[in-house]
Structures are given as C-alpha cells and as structure tokens.
Amino acid sequence: MEKRFSPQAHRLYMWMGVVLIVTYLIGFFPMAEFLPPPSPGWSAERLSAWIVEHRLGTQLACVLMIIGATLCGPWGAALTIWTRRTESRFPLLHTTQVISLGCGVCLIVLVNIFWSAAAFRAGETSPQVTQALWDMGWFLFIFAVPPFIAWLVSLALGILWNPPEHQYFPRWSAYLTLALCLNWVTDVVIIFFKGGQWTYSGFTGMWLIFGTFSLWVYVMTYLGFKALARQEEISRQEDADGVYHAAHEAQHTSEVPVG
C-alpha cells in the first residue's frame, strides 16, 4: 500500500528554525561582538577602525549567519505547507507566502554579504565606502521588513481561515504572528535616526525585532512539531482503515461464487 504521509523531511525542516536562531545568536554575540553593534552615529573613521579590530570575528560570524539565513527557506516552507493543503484549487495565501518568504531569504542573505564586504576591505579602502557597505547591511537586516510582513500576514490568515476540522495551529498563534507584524512596522523609522533607541543599533530599532522574531521562531517550531505529530496520528489511522477495508473487500470477493 502507498504511504500517505512521510514526515522525515518535514521534521528535518522544522529543526532548521532552531538552527537558524542558534547560528544568529552565536554570530551576533561571541563572534561579531555586537554588544551593542557600532552606532550609526559613529564617524566613518571610527567605524572603519572598529571593523578592522573585529575583522576576523565579523567574517566568521557572517559565514555562520549566511548559512543560518539560508535555512530560513526550508523552515518557512515547513510552515507554509500547512495552509496550502486547505486552499484547494486557488492557493493564493500559500503562493503569497512562498514569494514573500523567498524575497525575505534573499534579503537576509544579502545582509551578510554587505557586512562581509565591509570587513574585507576595511582599513584598505575609504572609510566612507566601508561605512556605506556596513549601513547597507543593517538596512537590509531591519529596514527591509515589508516582505516578511507579507509572509507573516498570509501565514496568520491561513491559520485563521482554516475550517475547524483542519486547524493544525491554534488561533492564538495567528494573533501572535499579527502582533509581531505590528511590532515590525515601526522598524522603517530607522531611516530617520542616527542616535537614540530608534536607530539600527537601538533597543526599539533592532533589539526588539531581533528578540521577538527569535521567540516567534521557537514558538512556531514547537507548534509545527505538534501539528506534525497530529498528522502522523491521522495518517496511521487512515492507513489502518485502508488495510481493514482492503482486507474486508478481499474477503468479500473471495466469497462470491465463480460462474
């Protein structure tokens, strides 16, 4: 009999969420020493000198974090698939999630490319060029949130609009996701500040989004594993029912007299 459900790949992809956050935590703190990161109010010369001093740690952090950023793709796919299966012939929410997730992964990969480029030439090229590359990385990391908001809103609506019999994620997880989106809307204001809490190194501008996203990833990963366990149980029951009906039908056929 053909298997209805194979959870191995799904389970592996769900673990990518944990790996994603762990790689960024290691990259941010012990490697890059973003405690806190350089302020956008620093002069180009001061920033360039700081990057030269922390060059190796920054480069190692970027290597680790670009791997983690890539893993956001399979992890996000393991979430979006739960809303796809209930949209029938017109999977608009699922398609929006896939497109937005792909854009988001490209953006956070580019973050590490710009930081790496800044560290690679720091001390050799103009401090202003180094500063521009560094700023570009932070703007991609924080300012470029709209694709992520589109992904999360579509995911939340997919959870809320699922009929009760197909509710694999609790409704409160959708409201948590929408609350996270409201928090992210404020991050576009970093374009106006070079000092204070609304900068890309401030609490409201950066640490709040980093902390809430990390928490959200862990929550959704946990709920994803619970959904996976429920689907496995349903599949086992369906397989058992299929075996029973097949055996019952075969027995009935064998009892029919020939000729």
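Details of the structure are given in the entry above.
Cut-offs and rules
Residues numbered from 1 in each chain as written. Predicted model: local features only at pLDDT ≥ 70, side-chain atom pairs only at ≥ 80, totals over all residues. Heavy atoms only, no water. 1 Å grid on protein atoms, 1.4 Å probe; cavity = no way out; pocket = protein on both sides within 12 Å on 5 of 7 lines; lining within 4 Å. Points joined across faces, edges and corners; volume = space filled by probe spheres on them. Helix = DSSP H or I, 4+ residues; strand = E, 2+ residues; numbered from the N terminus. Nonpolar A, V, L, I, M, F, W, Y, C, P; charged D, E, K, R; others polar. Phe/Tyr/Trp six-rings, centres within 6.5 Å; stacked < 30°, edge-to-face > 60°. Buried < 20%, exposed > 50% of the residue type's maximum accessible area, 1.4 Å probe, protein only. Contact = heavy atoms within 4.5 Å. Expected span 1.5 Å × (residues − 1).

With that settled, the discussion passes to empty space enclosed by the protein. All chains considered together, the criterion is met by 3 cavities of 30 Å³ or more. The calculated volume of the largest cavity comes to roughly 280 Å³. If you trace the largest cavity, you find 15 residues lining it, with Ile108, Phe141, Phe148, Phe210 and Phe213 closest to the centre. Of all the elements in the fold, those that place two or more residues in the lining of the largest cavity are α1 (8-31), α5 (127-143) and α8 (203-255). Take the lining of the largest cavity: its biggest share by element is 4 residues, from α8. Grouping the amino acids of the lining of the largest cavity by side-chain chemistry returns 14 nonpolar, 1 polar and no charged.

Now for the packing of aromatic side chains. In this structure the tally under the stated criterion is 34 aromatic pairs. Centre to centre, the rings of Phe28 and Phe141 are 5.7 Å apart; their planes meet at 35°, and the pair counts as tilted. Here the residue Phe28 occupies a position in helix α1, and Phe141 occupies one in helix α5, the gap between them amounting to 113 residues. The burial state of Phe28 is the same as that of Phe141; both residues are buried.

What follows concerns the environment of Val63. With respect to the helices and strands, Val63 occurs in helix α3 (residues 55-84). Measuring from C-alpha to C-alpha, the distance between Val63 and Ile113 comes to 9.2 Å, with 50 residues separating the pair along the chain.

We now examine the environment of Trp115. Relative to the elements of secondary structure, Trp115 occurs in helix α4 (residues 92-121). In this structure, the C-alpha to C-alpha distance between Trp115 and Gly137, residues 22 residues apart in sequence, is 5.6 Å. In contact with Trp115, other than residues within four places in its own chain, are Phe28, Phe34, Cys62, Met65, Trp134, Gly137, Trp138 and Phe141.

Turning to α5, a few remarks are in order. A rise of 1.5 Å per residue sets the reference length of α5, with its 17 residues, at 24 Å; its end C-alpha atoms lie 23 Å apart and thus fit the reference within 8%. Restricting attention to buried positions, one finds in α5 the residues Thr130, Gln131, Trp134, Gly137, Trp138, Leu140, Phe141 and Ile142.

Once that is clear, we can look at unusual backbone geometry. Along the chain, Leu35 connects to Pro36 via a cis peptide bond; the corresponding omega equals -10°. Phi is positive for Glu33, close to 60°, though the residue is something other than glycine. Among the structural elements, Glu33 can be located in the loop between α1 and α2 (44-53). Using a relative accessible area of 41% as the deciding quantity, one classes Glu33 as partly exposed.

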